[in-house]
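# Tertiary structure, described
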Amino acid sequence: MQGLMMDMPLLISTILQHAARHHGDTEIVSRRLEGDIHRYTYAQCEARARRMADALTRLGVHAGDRVATLAWNGYRHMEIYYAVGGMGAVVHTINPRLHPDQIAWIANHAGDSYLAFDISFLPIVEAIADKCPNIRGWIAMIDPDRQPASDKLANLINYETLIEGGSADFRWPELDERSAVALCYTSGTTGNPKGALYAHRSTVLHAYGAALPDAMGASARDSILPVVPMFHVNAWGIPYTAPLVGAKLVFPGAQLDGKSIYELFESEGVTYSAGVPTVWLGLLQHVKQNGLKFSTLKRTVIGGSACPPAMIRSFNDDFGVDVIHAWGMTELSPLGTLSRLQNKHMSLPEAEQQKILEKQGHVIFGVDMKIVDDAGSEIAWDGKTYGNLLVRGPWVIREYFRGEGGDPLEYDSEGRGWFPTGDVATIDADGYMQITDRSKDVIKSGGEWISSIDLENLAIAHPAVANAAVIGVVHPKWDERPLLIVVKRPGAELTKEELLKFYEGKIAKWWMPDDVQFVDAIPLGATGKILKTKLREQFKDYTLPTA
Ligand code: ADP
């Protein structure tokens, strides 16, 4: 027997329509490349997105076509998300921090038909134009009077002029909810970039899941500033979650330094933010150096790489801001787990609560997970034994775009497919997952594993350390031993001996790094994560003193 409820497809256009109808005067505020602060409402955003959808239709963009963006977080980028996705085409967000050759490779692999870009990326666009013969036009996201000329681009279109030619009568089509809406390539921290192709259905379900109180806990009372870029897994879904709940949105544009972000936090009453640990290092430094406080910020989601416990404590103790440690992946839209306390944890001493909050957290409905050994057998949830982390759910990929890499799933005895995350983790009896390492980064010493994340977190807790990374280096006896690579805080004094002493009593003796190397900077990838591949390359001729 079928249920007798209305058969309305889950489409992203319905999210923005909802915001326009029911939170019509809620603001979207953006710091623009033009230099000013732009503000308008969800109602205006939806109207412009419809006109843009019509304009793109007139340009010959059809359902399923890919339209790329190279853009910061801003209202025009938001409009493109909805215009392109809502009309049935696919918005392909490209990370502008990648090398132009890689950008061209991704755009060609995706088969992009048009590319919209913030004017600060004009040099990239000019560098790749020749290499991307399928891109029919380049859409400059800037006021027409500010648009520079370019003799390298055959079809340069102004965003505002384009929108003006679109009809306000455009109506969102009723699409199949399983049709594609957005395409995002993994940042390639490990191996070649591969495309995750999200559907309307998966995106809407993810937006619902993300909004839940024990997930991001977003509401119409929030003013949300996503520092995480819209080119990094859809800013963790915030451009969908915020209009779904009717939250105010604040977009920081190109200015991601601590001072600029702090200014927006204060001027726009931001209650909620999200970003990778490296951006918060800069923000905390700025706030502490200048003796500032956050007057409205209540919580921030930190994920993308392990959030050092010292950072959670600092947000909490120094500023009264809750950190929600989250884990996810491009292949998971991206949310998988978030760390929030449960009812039974409320009576625990603070130090024990802290330990729970430092973990990567509990799944939200929409994701199931398990840890397995190398033979694929499930491992106990004891919080100690680690194994390969696998996930499944309606917003987890089942294959990569264009079938890249073949079938990525592993199948259980009942034939259900699980996506192997490439992460190594423990899960405790309450279902809280903790990442030990990426399987590629874990240090294998004498047949046992050492977690590079644990060693990094400890180093970062030292007051003289600005950033730290640990890699495994070949060792004749132990296969691999940990090497600690450290960037000191400006002006700080620190020796190898002092730092190793700091580890004593905090880790098993055999986890002790074999050496410490001080460097000026640690290479970061396009999404602000430590690039271990590059570090390993940098230290390929290095020999441990113990070798
Ligand atoms: P890429 O794999 O190209 O870096 P993603 O942004 O999809 O792109 O990265 C996902 C990976 O980032 C995860 O598999 C995991 O290794 C790491 N990661 C994400 N969040 C966390 C976290 N909170 N703690 C530790 N690692 C994390």
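See the structure printed just above.
Presented here is a report on the structure given in the accompanying data block.

## So, the overall build of the protein chain
Tallying secondary structure elements over the protein chain gives 16 helices and 26 strands in all. Over its C-alpha trace the protein chain gives a radius of gyration of 24 Å, about what one expects of a compact globule, namely 24 Å for 547 residues. When its C-alpha atoms are laid out on the principal axes, the protein chain stretches across 70 × 65 × 45 Å. Per-residue burial over the protein chain gives 59% buried out of 547 residues. Across the protein chain, every contact between residues at least 6 apart in sequence was considered, and the portion connecting residues at least 24 apart equals 66%. Positive and negative side-chain charges of the protein chain, numbering 53 and 66 respectively, have mean locations separated by a distance of 1 Å.

## Let's talk about the side chain of Ser 150
Inspection of the secondary structure assignment puts Ser 150 in the loop between β6 (137-141) and β7 (156-158). A polar contact of 2.5 Å, which involves the side chain of Ser 150, links it to the side chain of Glu 126. Within the local environment of Ser 150, its side chain forms a polar contact with the backbone nitrogen of Lys 152, the two atoms lying 3.3 Å apart. In this structure, Ser 150 is in contact with Leu 122, Glu 126 and Leu 156, ignoring residues within four places of it in sequence.

## A few points about helix α4 (residues 100-110)
Listed in full, the buried residues belonging to α4 are Ile 103, Ala 104, Ile 106, Ala 107, His 109 and Ala 110. In this fold, the buried residues of α4 make contact with β3 (66-70), β4 (90-93), β5 (112-118), α5 (122-128) and β8 (180-185). Following α4 by one or two positions, Gly 111 adopts a phi angle in the positive range, close to 70°.

## Looking at the packing of aromatic side chains
Here the structure, examined in full by the defined rule, presents 15 aromatic pairs. Ring centres of Tyr 40 and Tyr 75 lie 5.4 Å apart, and the angle between their planes is 75°; this geometry places the pair in the edge-to-face category. With Tyr 40 in strand β2 (residues 37-41) and Tyr 75 in helix α3 (residues 75-86), this residue pair connects regions lying 35 residues apart in the sequence. Here Tyr 40 matches Tyr 75 in class, with each residue buried. A centroid spacing of 5.6 Å and a plane angle of 85° characterise the contact between Phe 170 and Trp 172, whose relative ring orientation is edge-to-face. Here Phe 170 and Trp 172 have matching classes, each one buried. Members of the aromatic cluster, connected to one another through ring pairs, are Tyr 262, Phe 265, Trp 280, Phe 294, Phe 315 and Phe 319. Looking at Lys 488, its charged tip hangs above the ring of Phe 518, at a distance of 4.5 Å from the centre. Over the aromatic face of Phe 502 sits the side chain of Lys 506, whose NZ or CZ is 3.8 Å from the ring centroid.

## Examining the sheet that holds strand β12 (residues 272-275)
Pairing between the strands of a sheet comes from backbone hydrogen bonds, and it takes one of two forms, parallel or antiparallel. With mixed pairing, 9 strands are arranged side by side in an open sheet as β2-β1-β11-β10-β12-β13-β14-β15-β16. In this open sheet, the two edge strands, each paired with only one partner strand, are β2 and β16 (362-363). Pairing analysis gives 2 bridges linking strand β10 (residues 223-226) to strand β11 (residues 248-251), with the strands arranged parallel. Looking at β11, one finds that Ile 224 is bridged to Leu 249. Against the sheet, helix α12 (residues 309-319) makes contact with β13 (299-303) and β14 (322-328), and its axis sits at roughly 150° relative to β14, the strand it touches most.

## Describing the pairing of β11
Neither face of β11 is open: one carries Lys 248 and Val 250, the other Leu 249 and Phe 251, and all of them are buried. Summarising the sheet, strand β1 (residues 27-31) and β11 pair through 3 bridges and their orientation is parallel. Looking at β11, one finds that Val 29 is bridged to Val 250.

## Brief notes about unusual backbone geometry
A cis geometry characterises the amide bond from Ser 333 onward to Pro 334, with omega recorded as 10°. Take Pro 334: it is sitting in the loop between β14 and β15 (335-338). A positive phi angle, near 45°, is found at Val 233, a position not held by glycine. Mapped onto the secondary structure, Val 233 falls in helix α8 (residues 233-236). You can call Val 233 buried: its relative accessible area is 2%. Phi is positive for Ser 333, close to 75°, though the residue is something other than glycine.

## Here we look at the sheet that holds strand β9 (residues 195-199)
With mixed pairing, 7 strands are arranged side by side in an open sheet as β7-β6-β5-β3-β4-β8-β9. Lying at the two open borders of the sheet, with one neighbouring strand each, are β7 and β9. Along the sheet, successive strands turn relative to each other by an average axial angle of 25°, direction set aside. Relative to β6, β5 is paired through 5 bridges, and the arrangement is parallel. In the strand pairing of β6, Tyr 114 is matched with Gly 137. Of the strands in this sheet, β3, β4, β5 and β8 touch α4, which is tilted by about 150° from β8.

## Topic: the pattern of salt bridges
When their charged atoms lie close together, side chains carrying opposite charge are able to pair. One pass over the full model with this rule turns up 33 salt bridges. Taking the shortest distance from any N to any O, the salt bridge between Glu 27 and Arg 39 comes out at 3.3 Å. Of the two residues, Glu 27 sits in strand β1 while Arg 39 sits in strand β2, which places them 12 residues apart along the sequence. Through salt bridges with shared partners, one network takes in Arg 32, Glu 34, Asp 36, Arg 48, Arg 76, Glu 79, Asp 143 and Glu 160.

What counts, and at which threshold
- Residue indices begin from 1 for each chain and proceed along its sequence in written order.
- Per-residue local features of the predicted model are confined to residues with pLDDT of at least 70, and side-chain atom pairs are confined, for both listing and counting, to 80 or more; whole-chain, interface and lining totals are unaffected and use all residues.
- For the side-chain quantities, the full set of heavy atoms in the structure was used; hydrogens and water were omitted.
- We count a stretch as a helix when DSSP gives it H or I for four or more residues in a row; a strand needs E for two or more, and each element gets its number in order from the N terminus.
- What the globule rule says is 2.2 Å times the number of residues to the power 0.38, and the radius of gyration is computed from C-alpha atoms.
- Partly exposed describes any residue whose relative accessible area lies between the buried limit of under 20% and the exposed limit of over 50%, with all areas from a 1.4 Å probe on protein chains only and scaled to the type maximum.
- By definition in these notes, contact holds between two residues if any of their heavy atoms fall within 4.5 Å.
- A positive count includes Lys and Arg, and a negative count includes Asp and Glu. His and the chain ends are not counted in either.
- Here the site of a charge means NZ on Lys, CZ on Arg, CG on Asp, or CD on Glu.
- Side-chain atoms alone can form a polar contact between residues adjacent in sequence; in general such a contact is a pair of N or O atoms within 3.5 Å, and within protein one must be able to donate a hydrogen while the other accepts it.
- Think of it this way: a Phe, Tyr or Trp ring, Trp meaning its six-membered ring, pairs with another when their centres are within 6.5 Å, and the plane angle makes it stacked under 30 degrees, edge-to-face over 60, tilted otherwise.
- Remark: a charge is flagged as sitting over a ring if the NZ atom of Lys or the CZ atom of Arg is within 6 Å of the ring centre and within 35 degrees of the ring normal.
- At least two bridges found by DSSP between two strands is the condition for calling them paired.
- Angles here are taken between N-to-C directions and fall from 0 to 180 degrees, while the axes themselves are lines fitted to C-alpha atoms, restricted in helices to the stretch in contact.
- Within this document, salt bridges are pairs made up of a side-chain nitrogen of Lys or Arg and a carboxyl oxygen of Asp or Glu, the two lying within 4 Å of each other.

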